[in-house]
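# Coordinate inspection notes
As a plain string of letters, each chain reads:
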Amino acid sequence: MQRERWQDHYAQGQGFRLLSDSERALLAEHAPVPQGGGRALEVGCGLGELAVHLAGAGYRVDAVDFTGSALDRAREQHAGVEGVRWLHLDVERDDPGVLDQDGYDLITLRLVLPFARDRTRLMRLLGDLLRPGGRIVVITPTVADTPAERRNIALDEDEISLLLQGWEESHRLSADGCAVLILRHPNPSVTTAVEKGPPTGHALTGVLAVVTDDAGRVLLGRTTRGMWELPGGKTAGPESFEAAAVRELAEETGLIAHEADARVLTFLVDDSHGVPRLTAVVRITAHSGTPTVLEPHLFARWEHHELSHLARIGKIFAPAGQALNAVWPGVLPGLPTVHAYPHAVDHPAAPGEPAQAVRLRHAMAEAVIAGGWAPSAPVQEALRSVPRHRFAPEQDMSTAYDDNLAVVTRRDEEGAATSSVSAAWLQADMIEKLRLAPGMRVLEVGSGGYNAALLAHIVGPAGQVVTVDLDPYVVERTRRFTAETGTRGVLALQGEGARGAPEHQPTGGFDAIVVTHECWDVAPAWREQLAEGGRLVLPLSIHGYTRAVVFKRQGEVLRSKGWTYCGFVRDLGSQAHTAQVLVLADGQLQIRCEDGGPLATDGLEAAVAGVRHEEATGVTVGGNESFETLQLYLATRQKGFCRLTLDPSKDTGLAQIPRGNPAAAVVAEGALAYLTHVLVTDSDDPDLRRHEFVVHAFGNQGPMLAQLFAQAVRDWDRTVRDRGYPELFVHPASTSTDGLAAEAVLTKRSSRLVFTWDDKAAPPPGSAPTGQPTGQDLLAAVQPAGTGGPA
């Protein structure tokens with residue numbers, strides 16, 4: 001092992017090649033210290049000569065090495081040097097959490113890169129650590145200038161060319177017989193599927209082995225043709241595909257696996273140069289040994305790659321790319337069309353994750369818990385246990401474990417998000433509202449995998465999670481990722497979410513149902529398939545404002561038990577809704593009516609061309625005050641309610657809508673009024689900064705409409721503010737309105753929503769969880785920014 005060899009090397013008092021004057025001069029010219037000082041990382045610092053030189057030049061240096069004996073000597077020899085932090089770290093294998101998370105202006109690899117096992121992955125990881133404008137300096141011997149018996153310490157021209165291709169700016173210099181590569185601005189090459197020469201007849205049926213290491217990284221070989229491939233080849237005689245995969249893996253890499261740990265996942269059918277081709281994709285979940293080049297005429301080396309890097313590795317053999325996408329749907333977008341035939345067998349879990357994932361997962365969980373979103377032990381344990389990154393393999397670890405970020409995993413042709421892994425705080429909050437217990441049966445509408453895995457972890461082996469999605473891609477992704485992670489008790493189905501899962505409904509109904517896309521309406525099937533007393537959580541759109549509402553079934557009625565401000569991707573199925581839209585003032589203004597009947601829009605064009613009236617409300621809000629109920633209060637209390645948007649590219653000062661977000665508005669008798677704000681008390685302290693709500697109005701009836709709208713804001717301030725959300729009752733659409741408060745009823749296609757606003761509403765217990773929208777940033781007075789964005 002290299003680590004042991006270098007440990008003995010330095011422990012025996014041996015040294016390393018000294019830093020030359022020409023190297024110092026090149027570093028001074030091409031890696032100057034930024035004004036005010038900079039941060040540098042030396043990878044493979046050895047005895048620390050370069051680290052000390054960089055510290056003397058003005059850098060603060062992290063000097064890392066995987067050899068403890070070298071670091072011991074470096075600390076002793078340079079005990080008086082300031083500005084160097086000596087770190088015992090294997091940058092290829094260990095958790096990089098000890099490194100500076102703000103990044104580095106300079107990263108150096110002096111005479112170490114040829115010793116890296118997975119140097120392509122290493123360079124991607126280091127590139128992610130660069131600050132804007134930072135650079136990596138690689139100093140390495142070259143094969144051409146190195147004796148044959150020592151070429152293991154050098155890089156050949158193909159390797160150097162591959163290094164230079166991944167950067168917007170690269171320079172190759174020389175110093176003392178070594179190549180000096182100056183690399184700036186990572187420019188990841190997009191993975192391109194390529195072919196070899198025309199296949200022979202015996203190559204029409206083949207097998208590819210997908211193997212990961214103990215950190216979940218996939219093994220690929222760099223071929224002498226300049227592309228990446230999976231281990232594999234053609235079958236021999238009556239040999240099974242599993243046996244062929246195990247054999248080819250051993251012949252090409254030296255890794256030993258057993259047929260019992262090999263499963264055919266799918267068959268790929270395409271053609272190469274007009275010749276039909278059948279490829280079996282075999283997932284191998286256990287093996288032993290170290291990858292070794294056993295066929296040097298075919299492969300230059302074997303490397304393990306992060307799944308999030310696969311879309312940026314350059315050329316890849318087309319069937320290999322398709323096989324990777326079969327195991328982890330979405331990691332390689334834009335591949336040529338292939339017909340895939342999944343093999344219906346029970347696929348075993350493939351264990352493995354890096355220490356970084358464990359650290360980030362626990363940090364994410366603690367952030368969610370600290371925010372007040374996961375008070376119960378079962379939800380906390382699920383957050384700490386379920387590997388979120390394995391349900392978003394195309395994303396880097398930091399993105400996958402950002403507790404405040406929704407990770408988009410599917411977009412339509414216009415780039416709009418159609419599927420995502422929701423923000424962790426929001427998932428935790430919605431699951432908490434379900435009040436799950438072991439053994440429960442849960443229906444999830446809208447798949448993806450991670451949320452279902454959290455649910456399954458909580459209900460345990462005696463429970464079950466049925467998850468339904470309209471998109472077959474999302475369903476396959478859910479099936480693959482739950483299989484890979486060993487998640488049990490999840491049944492992923494393709495279907496219309498509004499239908500629920502009638503064929504799999506337990507006797508008495510599901511104990512809980514959660515919907516993970518924005519809902520304009522409440523589908524009857526969700527109530528009908530929910531057990532009496534069971535809980536339904538869904539992101540409900542009310543006049544365009546989305547709140548995650550938890551309901552409890554009471555016969556034919558759903559009664560709200562809690563609200564959370566949120567945002568989600570929209571429903572794409574039969575329950576999707578199209579809003580009424582009116583464009584005014586040559587496109588400057590756009591009125592959207594999401595609910596209710598058609599608006600009385602006659603005369604509005606002339607109205608907005610006239611005088612604008614203003615009405616102060618006298619209602620102010622401070623930086624840390626929540627006003628999120630104001631939106632729904634106005635939307636459910638005001639006839640002719642709509643939302644007004646300003647096109648900033650055509651803004652002539654006609655309206656003052658904060659930050660271009662929709663403003664709460666009302667339309668009546670050729671008049672238009674909308675809600676905005678003005679700053680009345682400025683301060684750097686959000687607690688002291690205050691804005692006043694102001695109504696602007698157009699049209700002859702504008703002043704009166706403005707007064708009525710302003711009075712509604714005052715009513716909210718007097719009777720609702722700080723008292724929380726109303727009770728909401730959802731009745732079937734066939735329910736008579738007799739006896740219902742007409743001013744608080746919102747009729748949709750399948751349901752009637754009855755809101756109970758009054759001054760008896762009790763304030764929510766305790767303080768609001770961290771991240772709840774407040775008036776701190778009142779640039780969006782009537783559409784405050786929700787935590788986490790679209791989920």
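Since we're looking at a predicted model, the values are computed, not measured.

## Here we look at the overall build of the protein
Along its length, the protein carries 18 helices and 36 strands. For 791 residues, the compact-globule estimate of 2.2 N^0.38 gives 28 Å, and the protein sits close to it at 31 Å. With respect to the three principal axes, the spread of C-alpha positions in the protein is 90 × 65 × 50 Å. Relative to its 791 residues, the protein shows a buried fraction of 55%. Here the protein has roughly 32400 Å² of accessible surface; of this, 51% comes from carbon and sulfur atoms. The averaged location of the 99 negative side-chain charges in the protein is 2 Å from the averaged location of its 73 positive side-chain charges.

## Some words on the packing of aromatic side chains
Following the criterion strictly, the structure yields 12 aromatic pairs and no others. Aromatic pair Phe241 and Phe267: ring centres 5.3 Å apart, planes at 65 degrees, arrangement edge-to-face. Here Phe241 is found in helix α7 (residues 241–253), whereas its partner Phe267 is found in strand β13 (residues 262–272), with 26 residues between them in sequence. The exposure class assigned to Phe241 is partly exposed, which follows from its relative accessible area of 21%. Across the ring face of Phe317, the terminal group of Lys196 is positioned such that the distance to the ring centre comes to 4.4 Å. Here Arg643 stacks its cationic end above the ring of Tyr545, 5.0 Å away from the centre of that ring.

## Structural notes on unusual backbone geometry
Not every positive phi belongs to a glycine, and Asp176 is a case in point at roughly 55 degrees. A positive phi angle, close to 65 degrees, is found at Asp722, a residue other than glycine. Looking at the secondary structure, you find Asp722 in the loop between α18 (702–719) and β34 (727–732). The class of Asp722 is exposed, set by a relative accessible area of 56%.

## A short note on helix α14 (residues 472–485)
Its 14 residues place the ends of α14 20 Å apart at the C-alpha level, agreeing with the 20 Å of an ideal helix rising 1.5 Å per residue. With respect to burial, α14 is a largely interior element, 10 of its 14 residues being buried. For α14, the N-terminal capping position is held by Asp471, with its side-chain oxygen 2.9 Å away from the main-chain nitrogen of Tyr473.

## A look at the nonpolar core
Among the nonpolar cores identified, the biggest contains 71 residues, and Leu230, Leu310, Leu324, Trp328, Leu383 and Leu436 are the most heavily contacted of them. For this core, the element with the most residues is helix α13 (residues 450–459), which contributes eight residues. Once you skip the residues sitting within four places of it in the chain, Leu383 turns out to touch Arg361, Met364, Ala365, Val368, Ala374, Ala428, Tyr450 and Leu454. The next biggest cluster of nonpolar side chains, apart from the first, holds 57 residues, and it includes Ala523, Tyr545, Val549 and Ala673.

## Thoughts on the pairing of β34
With two bridges joining them, strand β26 (residues 557–565) and β34 adopt antiparallel strand pairing. Its bridge partner lying in β34, Arg559 is registered against Phe729. In terms of strand pairing, β34 meets strand β36 (residues 751–756) through six bridges, oriented antiparallel. Pairing of Glu727 across the sheet is with Thr756, part of β36.

## What about the side chain of His304?
If you trace the backbone, His304 turns up in strand β15 (residues 299–305). Residue classification places His304 among the buried positions, given a relative accessible area of 4%. Excluding anything up to four places from it in sequence, His304 contacts Asp118, Arg121, Asp213, Arg217, Val218, Leu219 and Pro291.

## Here we look at the sheet that holds strand β17 (residues 339–342)
Note: strands within a sheet are paired through backbone hydrogen bonds, in either parallel or antiparallel orientation. With respect to topology, five strands assemble into an open sheet ordered β12-β9-β14-β13-β17, the strand pairing being mixed. Of all strands in the sheet, those bounded by a partner on one side alone are β12 (232–234) and β17. Within the sheet, the average angular offset between the axes of one strand and its neighbour, ignoring direction, is 20 degrees. The pairing of strand β9 (residues 205–211) with β12 spans three bridges and is classified as antiparallel. Across the sheet, the residue bridging to Leu208 is Gly232, located in β12.

## Thoughts on the pattern of salt bridges
Under the counting rule described, the total for this entry stands at 46 salt bridges. The shortest N-O distance in the salt bridge between Arg361 and Glu353 comes to 2.8 Å. Judged by its relative accessible area of 5%, Arg361 is buried. Across the salt bridge formed by Glu394 and Arg477, the nearest N and O atoms sit 2.9 Å from each other. Taken together, the positions of Glu394 in the loop between α10 (377–385) and α11 (397–400) and Arg477 in helix α14 put the pair 83 residues apart, joining distant regions of the chain. Each of Arg93, Asp118, Arg121, Arg217 and Glu306 takes part in a single network of salt bridges with overlapping partners.

## Notes on the confidence of the model for the protein
Confidence along the protein averages 89 in pLDDT terms, with 94% of residues attaining 70 or more. This stretch, residues 759–791, has a pLDDT under 50; its non-local contacts, to residues over four places away or in other chains, come to 97 contacts.

## Examining the sheet that holds strand β24 (residues 530–542)
With mixed pairing, 10 strands are arranged side by side in an open sheet as β22-β21-β20-β23-β24-β25-β26-β34-β36-β35. Sheet topology places β22 (490–494) and β35 (745–747) at the edges, where each strand pairs with a single neighbour. Ignoring strand direction, the axes of neighbouring strands in this sheet form an average angle of 20 degrees. Together, β23 (510–515), β24, β25 (545–554) and β26 form the strand contacts of helix α12 (residues 424–434), whose direction differs from that of β26 by roughly 150 degrees. Docked against the sheet, helix α17 (residues 629–637) engages β24, β25, β26 and β36, running at close to 75 degrees with respect to β25.

## Brief notes about the packing of helix α9 (residues 355–370) against α10
Packing of α9 against α10 leaves a shortest axis separation of 8 Å and a crossing angle of 150 degrees. As far as their axial angle goes, α10 and α9 are roughly antiparallel. Between α9 and α10 lies a crossing whose hand is right-handed. On the side of α9, the interface is formed by Arg361, His362, Met364, Ala365, Glu366, Val368 and Ile369, while α10 contributes Gln380, Leu383, Arg384 and Ser385. Here the contact of α9 with α10 is built from residues that sort into five nonpolar, three polar and three charged.

## Considering a negative patch on the surface
A surface patch of negative charge is lined by Asp682, Asp684, Asp685 and Asp687. Asp684 sits in the exposed class, given a relative accessible area of 80%.

Conventions we followed
Residues numbered from 1 in each chain as written. Predicted model: local features only at pLDDT ≥ 70, side-chain atom pairs only at ≥ 80, totals over all residues. Heavy atoms only, no water. Helix = DSSP H or I, 4+ residues; strand = E, 2+ residues; numbered from the N terminus. Rg over C-alpha atoms; globule rule 2.2 N^0.38 Å. Buried < 20%, exposed > 50% of the residue type's maximum accessible area, 1.4 Å probe, protein only. Areas by Shrake-Rupley, 256 points an atom, 1.4 Å probe, with all protein chains shown as cover. Lys, Arg positive; Asp, Glu negative; His and termini not counted. Charge placed at Lys NZ, Arg CZ, Asp CG, Glu CD. Phe/Tyr/Trp six-rings, centres within 6.5 Å; stacked < 30°, edge-to-face > 60°. Lys NZ or Arg CZ within 6 Å of the ring centre and 35° of its normal. Expected span 1.5 Å × (residues − 1). Polar contact = N/O pair within 3.5 Å; in protein donor to acceptor, adjacent residues only side chain to side chain. Core = buried A, V, L, I, M, F, W, Y, C linked by side-chain atoms within 4.5 Å. Contact = heavy atoms within 4.5 Å. Pairing = 2+ DSSP bridges. Axes fitted to C-alpha atoms, helices over the stretch in contact; angles between N-to-C directions. Salt bridge = Lys/Arg side-chain N within 4 Å of Asp/Glu carboxyl O. pLDDT = per-residue confidence, 0-100. Parallel < 35°, antiparallel > 145°, perpendicular 65-115°, else oblique. Left-handed = near helix turned anticlockwise from the far one by under 90°. Nonpolar A, V, L, I, M, F, W, Y, C, P; charged D, E, K, R; others polar. Patch = residues over 30% accessible without salt bridge, like charges linked within 9 Å, V, L, I, M, F, W, Y side chains within 5 Å.

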